[in-house]
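Structure at a glance
Letter by letter, the chains look like this.
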Amino acid sequence: MGAAVAICEEVGARLAAQTEEARLVARCRGGDRQAQEILVRRCQERVYRLAYNLLEHPEEALDAAQEALIAMLRSLPSFRGEARFETWLYRVTTNVCLMRRRQLCARTRLVTDLAADIPAARAGAADPETAALRGETRAAVREGLRRLPAGFRAVVVLRELEGLSYEAIAEILRIPLGTVQSRLSRGRQMLRDILMADQRVAWPSMRGEKQ
Amino acid sequence: MTCREARNLVSSYLDGRLAGRRARDLTQHLDECAGCREELARLRFIADAVRSLPAARLTVDLTPAVMARASAPRRWEWLDALRRSAAYRPPRVIREFARVAVVVVALVVVVTAGAGQGPGNLVASWSGRVAGMAGTGVAQLTSGLAEARIFLAERFAPASLSATAQAPAREHRPELSEPSSRRTEPEVTHARQEVVRDVYA
């Protein structure tokens, strides 16, 4: 059994090593400038998306994405291909963003506090299927995410928006698996509390019907 | 299973991370408890809502700027880091603590200086020595650096003996400066690379 798992893992690792990305990364580590350019161009969308979701601020995300891509190029020599490249890239990006978010929060605490006090737009008693209402829910969800504390937000974003496994999240944030699970649970509960207080959210009718 | 226990498992259940007895206990509880079923439905709705958020699109190509900055000399980066660290404010608890600590230390120094003992006396006697030195120091400078050093050693040897008796903390100074060299290292460089099995799955 153990041997079979080991063989499967080896085959999987060999397949992964054969992927184009892995070969590209290897070329970049060798100092191939052209390869580095291709890698940056290929990663920038992913890096920006994650930065935007973690920072919720377009310009800040743009700066953070640049910084993360530079950090990626510079620390490629320390990437030995033991973890998956994407996991490693997410880690570099997350580190840059969480550091920036801390600084951003310090600078804009007052502004966001004021913004949170602006009463949420009230949704009329419209058909819950209308696009407008779904848009309202969406805006409320975005705002709710923004109000989560950084550590919880990072876990929720990596899980829901990046679709990563608990193991990958633990590796990216360098926290134990149990912490991923508890933060995700707590983060979702916090988000539920925030959204239940928000009039814009169009909850589906639920009478506790059996699943 | 109580509702309290169930609520803490709902998140893992949603991700399909519950197995065995815990999964069975939870499904049994969900069958019996409308409140927890509602909680599950709510969290599922939220998870779906978050997942359906439109992804941010990058409208500019960052490659040229990144390539230029990555190959540029890192000369001014410390300045950049300094500027950004200046914008950083520690959490309120730490700020409050620092404020109280400063006041307490100042009070101790002032009170003990008046009483003629403790750290306050130390400060008083030190300032006296420094003032005394200022006069003779000018003359000593002309006789060269080596002599000045001997003079300083002579003047301060007894003072440091009495200082260590009263404030042993002085001896820790060299250790204090040591970790700062480590702190400047970017976190990225000691990236721990482990095989993440599940990522392949």
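Residues numbered from 1 in each chain as written. Chains lettered and ligands numbered in written order. Predicted model: local features only at pLDDT ≥ 70, side-chain atom pairs only at ≥ 80, totals over all residues.

1. Description of the overall build of chain B
- Helix and strand counts for chain B stand at 11 helices and 0 strands.
- In chain B, the succession of α and β elements from N to C terminus is α-α-α-α-α-α-α-α-α-α-α.
- Classification of the 201 residues of chain B by burial places 9% in the buried group.
- Counting only contacts in chain B whose residues sit at least 6 apart along the sequence, the fraction spanning at least 24 positions is 41%. (Helix = DSSP H or I, 4+ residues; strand = E, 2+ residues; numbered from the N terminus. Buried ≥ 20, exposed ≤ 12 C-beta atoms within 10 Å, placed from the backbone. Contact = placed C-beta atoms within 7 Å.)

2. Re the overall build of chain A
- In terms of regular secondary structure, chain A is built from 9 helices and 0 strands.
- Secondary structure elements of chain A, listed N to C terminal, follow the sequence α-α-α-α-α-α-α-α-α.
- In chain A, which comprises 211 residues, the share counted as buried stands at 36%.

3. Focus on helix α1 (residues 3-14) of chain B
- Here α1 of chain B is 12 residues long and its end C-alpha atoms lie 16 Å apart, about the 16 Å a rise of 1.5 Å per residue gives.
- All of the buried residues in α1 of chain B are Ala-6, Leu-9, Val-10 and Ser-11 of chain B.
- For α1 of chain B, the elements touching its buried residues are α9 (177-196) of chain A together with α2 (20-32) and α3 (34-51) of chain B.
- Two residues or fewer after α1 of chain B comes Gly-16 of chain B, characterised by a positive phi angle close to 65 degrees. (Expected span 1.5 Å × (residues − 1).)

4. Some words on the confidence of the model for chain A
- Residues with a pLDDT of 70 or more make up 77% of chain A, whose mean pLDDT is 80.
- Considering each helix and strand of chain A separately, the mean pLDDT is smallest for helix α1 (residues 2-18) of chain A, with a value of 65, and largest for α9 of chain A, with 95. (pLDDT = per-residue confidence, 0-100.)

5. Things to note about the packing of helix α7 (residues 150-161) of chain A against α9 of chain A
Residues and elements named next belong to chain A.
- Direction vectors running N to C along α7 and α9 enclose 95 degrees, while the axes themselves pass 9 Å from each other. The orientation of α7 relative to α9 falls into the category roughly perpendicular. Where α7 abuts α9, its residues Gly-151, Phe-152, Val-155, Val-156 and Arg-159 lie against Val-180, Arg-183, Leu-184, Arg-186, Gly-187, Arg-188, Met-190 and Leu-191.
- For the contact of α7 with α9, the residue count by class is 7 nonpolar, 2 polar and 4 charged. (Axes fitted to C-alpha atoms, helices over the stretch in contact; angles between N-to-C directions. Parallel < 35°, antiparallel > 145°, perpendicular 65-115°, else oblique. Nonpolar A, V, L, I, M, F, W, Y, C, P; charged D, E, K, R; others polar.)

6. A short note on the packing of helix α3 (residues 33-55) of chain A against helix α4 (residues 63-71) of chain B
- Orientation of α3 of chain A relative to α4 of chain B, taken along the N-to-C sense of each, is 130 degrees, at an axis distance of 9 Å. As judged from the angle between their axes, α3 of chain A and α4 of chain B are oblique. The handedness of the crossing between α3 of chain A and α4 of chain B comes out as right-handed. Each of Glu-37, Val-40, Arg-41 and Gln-44 of chain A in α3 of chain A lies in contact with α4 of chain B, whose residues at this interface are Thr-63, Val-66 and Met-67 of chain B.
- Tallied by class, the residues present in the contact of α3 of chain A with α4 of chain B amount to 3 nonpolar, 2 polar and 2 charged. (Left-handed = near helix turned anticlockwise from the far one by under 90°.)

7. Considerations on the environment of Arg-23 of chain A
Residues and elements named next belong to chain A.
- For Arg-23, the position within the fold is in helix α2 (residues 20-29).
- Assessed through the 12 C-beta atoms surrounding it within 10 Å, Arg-23 is described here as exposed.
- A sequence separation of 12 residues divides Arg-23 from Ala-35, and the C-alpha atoms of the two residues are 9.6 Å apart.

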